[in-house]
Amino acid sequence: MNLIVAVDNNWAIGNKNKLLVSIPNDMKHFREETTGKVVVLGRKTLETFPQGQPLKNRTNIILTKNKNFKVKDAIVVHSLEALLEELKNYEDEDVYVIGGDSVYKQLLPYCGVAHVTKVDHEYEADTYFPNLDKDPEWQITAESDEQTYFDLPYQFLKYERI
């Protein structure tokens with residue numbers, strides 16, 4: 001299973017239920033990685049999308065404890081066990097965990113590949129991703145050249161579980 005995330009220098013991912021920054025090339029990278037695939041996300045993350053609707057051209061699986069939650073064009077599951085059972089219907093390499101915080105933390109142990117956009121900046125944040133650089137189970141296996149959005153340097157990194 002994959003995950004895809006954008007982090008700052010402190011591995012922050014969000015503040016007040018919003019992304020820290022929107023970099024067009026990062027959004028393009030996200031679309032290229034996930035289009036035609038399965039995305040796993042939490043209800044709060046879904047609510048941040050345009051009109052709170054699932055992403056087009058992907059199978060959206062929403063993990064929420066809210067038993068009454070329903071959304072058109074998505075599969076809704078209410079527990080990690082139910083999610084893992086549902087994911088048996090898909091190829092492992094076609095599944096991308098896309099957030100938010102609690103979904104990343106629950107599913108990180110099941111992921112073997114992490115696509116990380118690392119933004120060279122420190123933002124005010126209230127939500128963080130585990131620092132894979134400090135986790136001996138993970139190593140960088142691919143990295144892009146440093147890129148810049150206005151004056152903001154960033155880089156695409158691929159981590160794999162050893």
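What counts, and at which threshold
Residues numbered from 1 in each chain as written. Predicted model: local features only at pLDDT ≥ 70, side-chain atom pairs only at ≥ 80, totals over all residues. Heavy atoms only, no water. Salt bridge = Lys/Arg side-chain N within 4 Å of Asp/Glu carboxyl O. Buried < 20%, exposed > 50% of the residue type's maximum accessible area, 1.4 Å probe, protein only. Helix = DSSP H or I, 4+ residues; strand = E, 2+ residues; numbered from the N terminus. Phe/Tyr/Trp six-rings, centres within 6.5 Å; stacked < 30°, edge-to-face > 60°.

**What about the pattern of salt bridges?**
Where charged atoms of side chains with opposite charge meet at close range, the side chains can pair.
Here comes step 1: Following the criterion strictly, the structure yields eight salt bridges and no others.
Here comes step 2: One salt bridge in this structure joins D73 and K72, with 3.7 Å as the shortest N-O distance. Like D73, the residue K72 is exposed in the burial classification.
Here comes step 3: Of the charged contacts in the structure, one is a salt bridge between D101 and K105, with a shortest N-O distance of 2.5 Å. One end of the pair is D101 and the other is K105, both in helix 4 (residues 101-107) and four residues apart, which spans about a single turn.
Here comes step 4: Residue K105 is classed as partly exposed on the basis of its relative accessible area, which comes to 46%.

**Some points on the packing of aromatic side chains**
The relation between two aromatic rings is expressed through the spacing of the ring centres and the mutual angle of the planes.
Here comes step 1: The tally for this structure, following the rule as stated, stands at five aromatic pairs.
Here comes step 2: Ring geometry for W11 versus F129: centroids 6.2 Å apart, planes at 25°, classification stacked. Here the residue W11 occupies a position in the loop between strand 1 (2-7) and strand 2 (12-15), and F129 occupies one in the loop between strand 9 (127-128) and strand 10 (138-143), the gap between them amounting to 118 residues.
Here comes step 3: Of the residues examined, W11 reaches a relative accessible area of 2% and is grouped as buried.
Here comes step 4: Of the aromatic side chains, those joined through ring pairs into one cluster are W11, Y104, F129 and Y159.

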